[in-house]
Amino acid sequence: MSGVRNITVPWVPLDEFDWSFARTGPLPWNLTVWSIIAVFTALPIWTTVELTFWVFYTFERWRGAYFFSVLGTTWGVTIHAVGFVLKFCVPESGWVLSTVLSEIGWVAEVCGFSIVLWSRLHLVIPSNTRILRYVLAMIVINEFVFGVPTIVFQFLISNPATHDAYLQHMEIMERIQIMAFSVQETVISAIYVWGTLQLFKLSLNTKAKTTLAFLIIVQVLVVLADVLVIALDYLEYYTLKAVLHSFVYAFKLQVEFVVLNEFKHIAKGGITGASNSLGLGREVAGGFSAFNNSPLDMPKNNSSSSPSPVHNNSGVTVVSSARGPPSPEAQNEYVEEPDALELRYLGRYGRAV
């Protein structure tokens, strides 16, 4: 078989394996290590295939920041994983190609996922607030301050001629950037949780409250996933961290679709149990309705002489107070106690019975 060459790599026991930046050349042979790489490379690739279909199936309109950031991050995890497989296991591919792929994937993962989180903030934060602009500015600035130096040092240590000279600089920069981007994602998630808690105050629907509480728990899991990556990096398990990095972001994307589906379920029934209860007619980039903190769409008084009872968005019957007391039939019906949100509007729109 012409053209086939055998590449012999040394066998290294697991307890002596060098996971740090200092190791150069092909990955030494160890069945456990190579199995870990195979598993945690295959999972992100499969997740990319699965999520790509889900993205095009789930989004009603294939445009907007949310749509493209989810799609870009989805493919970023695969590009990142393939780049490191070439670097560790296929040295003949060349350090330039493997580094280019891994860094393109890294930017798509880290920066792309932050854009995903920022885009999703529009679901719980009014779009005209400054906090959304501040978050976007933070993402852009951090990418230049921490992302660009990291990419430069990655190329310098991937080049055998400059590896030793910049190894120490890369080790320092790696710890700084991974902490910075993890803090960034945590801040965005904290703002999301805060916005979700504000929806609790408007919610009249027990199911919606349960769903929102579940979404908060999901955000905590995303933050804990970052803790694993940070721990591996600070313990100098760089090779293991590089392999798990794509898997962790693939997991985050799976969680993102859980959040998306839950919000779509709420959007169908409204945060108070009926659609349009929180301005769900307003569209966001991504093709589904957004939440904002606008007041309930309570019915206004009309000038007809014999108005029929109507329902507000929580499903509670409203009778205009300007028309006098309700009919005897209405008085015999079950009276649902208004909550705090309804009481704000009873003086203006009528009495809930």
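This section reports on the structure supplied with the text. Since the model is a prediction, treat every value here as computed from it, not as a measurement.

### Here we look at the overall build of the protein
Right, on to step 1. A count of helices and strands for the protein gives nine helices and three strands.
Right, on to step 2. Listed N to C, the secondary structure of the protein is α-α-α-α-α-α-α-β-β-α-α-β in terms of helices and strands.
Right, on to step 3. The burial tally for the protein puts 47% of its 353 residues in the buried class.
Right, on to step 4. Considering only contacts in the protein between residues 6 or more positions apart, those separated by 24 or more positions represent 69%.
Right, on to step 5. Summed over its atoms, the accessible surface of the protein is roughly 17600 Å², and 65% of this surface lies on carbon and sulfur atoms.

### Observations concerning unusual backbone geometry
Right, on to step 1. A positive phi is found at Glu-236, a non-glycine position, where the angle reads about 65°.
Right, on to step 2. Locating Glu-236 in the fold gives a position in the loop between helix 6 (206–234) and helix 7 (238–269).
Right, on to step 3. Look at Glu-236 and you get partly exposed, because its relative accessible area is 43%.

### Concerning the side chain of Thr-99
Right, on to step 1. Within the secondary structure, Thr-99 is located in helix 3 (residues 95–120).
Right, on to step 2. What makes Thr-99 buried here is its relative accessible area of 2%.
Right, on to step 3. Discounting residues that sit within four places of it in the chain, Thr-99 has contacts with Gln-154, Phe-155 and Ser-158.

### As for the packing of helix 3 against helix 4 (residues 130–158)
Right, on to step 1. One way to put it is that helix 3 packs onto helix 4 with a least axis distance of 11 Å and a crossing angle of 165°. When the axes of helix 3 and helix 4 are compared, the pair comes out roughly antiparallel. The two elements helix 3 and helix 4 cross, and the hand of that crossing is right-handed. In this structure, helix 3 uses Trp-95, Thr-99, Val-100, Glu-103, Trp-106, Val-107, Cys-111, Ser-114, Ile-115 and Trp-118 to contact helix 4, whose residues at the interface are Leu-132, Val-135, Leu-136, Ile-139, Glu-143, Gly-147, Thr-150, Ile-151, Gln-154, Phe-155 and Ser-158.
Right, on to step 2. Of the residues in the contact of helix 3 with helix 4, the class split is 13 nonpolar, six polar and two charged.

### Digging into helix 1 (residues 31–58)
In an α-helix, one full turn covers 3.6 residues, which means residues spaced three or four apart are oriented alike.
Right, on to step 1. An ideal rise of 1.5 Å per residue puts 40 Å on 28 residues; helix 1 measures up with 40 Å between its terminal C-alpha atoms.
Right, on to step 2. The N-terminus of helix 1 is capped by Asn-30, whose side-chain oxygen sits 3.0 Å from the backbone nitrogen of Thr-32.

### Things to note about the nonpolar core
Right, on to step 1. Core analysis: the biggest nonpolar cluster contains 62 residues, and Val-55, Phe-113, Leu-121, Val-135, Ile-139 and Tyr-192 have the highest contact counts within it.
Right, on to step 2. Looking at this core, the elements that each hand over two or more residues are helix 1, helix 2 (65–89), helix 3, helix 4, helix 5 (163–202), helix 6 and helix 7.
Right, on to step 3. Sorting elements by how many residues they give to this core places helix 7 first, with 11 residues.
Right, on to step 4. Residues in contact with Leu-121, not counting those within four places in the same chain, are Leu-132, Val-135, Ile-188, Ile-191 and Tyr-192.
Right, on to step 5. By size, the runner-up hydrophobic cluster in this structure holds five residues, among which are Ile-178, Ala-225, Val-229 and Val-248.

### Examining the side chain of Asp-226
Right, on to step 1. Secondary-structure assignment places Asp-226 in helix 6.
Right, on to step 2. Take Asp-226: its relative accessible area is 6%, and that puts it in the buried class.
Right, on to step 3. Not counting residues within four places of it along the chain, the set of residues in contact with Asp-226 comprises Ser-182, Glu-185 and Lys-252.

### A look at the pattern of salt bridges
Right, on to step 1. For the structure on display, the rule yields five salt bridges.
Right, on to step 2. Across the pair Lys-252 and Asp-226 runs a salt bridge, and its minimum N-O distance is 2.4 Å. Linking Lys-252 in helix 7 with Asp-226 in helix 6, this pair joins segments that are 26 residues apart in sequence.
Right, on to step 3. The network of salt bridges with common partners includes Glu-185, Asp-226 and Lys-252.

### Points about a nonpolar patch on the surface
Right, on to step 1. A cluster of nonpolar side chains, contributed by Leu-136, Val-140, Ile-141, Phe-144, Val-145, Val-148 and Val-152, occupies part of the molecular surface with about 590 Å² of accessible area.
Right, on to step 2. Within the fold, Val-140 resides in helix 4.
Right, on to step 3. Residue classification places Val-140 among the partly exposed residues on the basis of a relative accessible area of 41%.

### Notes on helix 4
Right, on to step 1. An ideal rise of 1.5 Å per residue puts 42 Å on 29 residues; helix 4 measures up with 41 Å between its terminal C-alpha atoms.
Right, on to step 2. Within the span of helix 4, buried status applies to Leu-132, Val-135, Ile-139, Asn-142, Glu-143, Phe-146, Gly-147, Thr-150, Phe-153, Gln-154, Ile-157 and Ser-158.

### A look at the packing of aromatic side chains
Right, on to step 1. On inspection of all chains with the given rule, the structure shows 16 aromatic pairs.
Right, on to step 2. Here Phe-84 and Phe-88 contribute two aromatic rings whose centre-to-centre distance is 5.4 Å and whose plane-to-plane angle is 40°, an arrangement assigned as tilted. Placement of both Phe-84 and Phe-88 in helix 2 is noted, with a separation of four residues, approximately one turn of the helix. For the pair shown, Phe-84 and Phe-88 are each scored as buried.
Right, on to step 3. Taken together, the aromatic side chains of Phe-56, Phe-59, Trp-62, Tyr-66, Phe-67 and Phe-68 make up a single cluster linked through ring pairs.
Right, on to step 4. The aromatic ring of Tyr-192 is capped on one face by Arg-120, whose charged end is 4.4 Å from the ring centroid.

### Some points on empty space enclosed by the protein
If you roll a probe as big as a water molecule over the atoms, it shows you where there is empty space left.
Right, on to step 1. Scanning the model with the defined rule gives four cavities of 30 Å³ or more in all.
Right, on to step 2. Put simply, the largest cavity is a space of about 100 Å³.
Right, on to step 3. If you trace the largest cavity, you find 13 residues lining it, with Ile-178, Ser-182, Val-229, His-245 and Tyr-249 closest to the centre.
Right, on to step 4. Sorting the residues of the lining of the largest cavity by element identifies helix 3, helix 5, helix 6 and helix 7 as the ones contributing at least two each.
Right, on to step 5. Of the residues belonging to the lining of the largest cavity, the class tally is seven nonpolar, three polar and three charged.

So, how was this worked out
- The residue count restarts for each chain, going from 1 along the sequence in the order it is written.
- Since the coordinates come from a predicted model, pLDDT governs what is reported: local features require at least 70, and pairs of side-chain atoms require 80 or more to be given and counted, while whole-chain, interface and lining totals use all residues.
- To obtain the side-chain values, all non-hydrogen atoms of the structure were used and water was disregarded.
- Strands here are runs of E lasting at least two residues and helices are runs of H or I lasting at least four, both read from the DSSP assignment and numbered beginning at the N terminus.
- Whether a residue is buried, partly exposed or exposed follows from its accessible area with a 1.4 Å probe, protein chains only, as a fraction of its type maximum: under 20%, in between, or over 50%, in that order.
- Any two residues whose heavy atoms approach within 4.5 Å are treated as being in contact.
- Residue burial considers only the protein chains on display, and all accessible areas are found by Shrake-Rupley using a 1.4 Å probe.
- Throughout, an axis means a line fitted to C-alpha atoms (over the contacting stretch in the case of helices), and angles, computed between N-to-C directions, take values from 0 to 180 degrees.
- To sort the angles, those under 35 degrees are grouped as roughly parallel, those over 145 as roughly antiparallel, those from 65 to 115 as roughly perpendicular, and the leftovers as oblique.
- By the definition used in this description, the sense in which the near helix is turned from the far one sets the handedness, with an anticlockwise turn below a right angle giving left-handed and a clockwise turn giving right-handed.
- Each residue is assigned to one of three groups, with Ala, Val, Leu, Ile, Met, Phe, Trp, Tyr, Cys and Pro labelled nonpolar, Asp, Glu, Lys and Arg labelled charged, and all others, Gly among them, labelled polar.
- To estimate how far a helix should reach, multiply one less than its number of residues by 1.5 Å.
- Pairing of N or O atoms within 3.5 Å defines a polar contact, subject to two protein rules: one partner must be a possible hydrogen donor and the other a possible acceptor, and residues neighboring in sequence count only if both atoms are side-chain atoms.
- We define the nonpolar core as a collection of buried residues of types Ala, Val, Leu, Ile, Met, Phe, Trp, Tyr and Cys that are connected through side-chain atoms lying within 4.5 Å of one another.
- One side-chain nitrogen of Lys or Arg within 4 Å of one carboxyl oxygen of Asp or Glu is enough to make a salt bridge.
- Note that patches include only residues with greater than 30% relative accessible area and no salt bridge, and the join distances are 9 Å for like charges and 5 Å for nonpolar side chains (Val, Leu, Ile, Met, Phe, Trp, Tyr).
- Aromatic rings from Phe, Tyr and Trp, taking only the six-membered ring of Trp, are treated as a pair when their centres fall within 6.5 Å; an angle between ring planes under 30 degrees marks them as stacked, one over 60 as edge-to-face, and anything in between as tilted.
- Consider the ring centre and the ring normal. A charge sits over the ring if Lys NZ or Arg CZ is within 6 Å of that centre and within 35 degrees of that normal.
- A cavity here means a set of 1 Å grid points, computed over protein atoms only, where a 1.4 Å probe fits but cannot escape. A pocket is an open set with protein on both sides within 12 Å along at least 5 of 7 lines, and lining residues have an atom within 4 Å of a point.
- Grid points are joined across faces, edges and corners, and a volume is the space filled by probe spheres set on the points.

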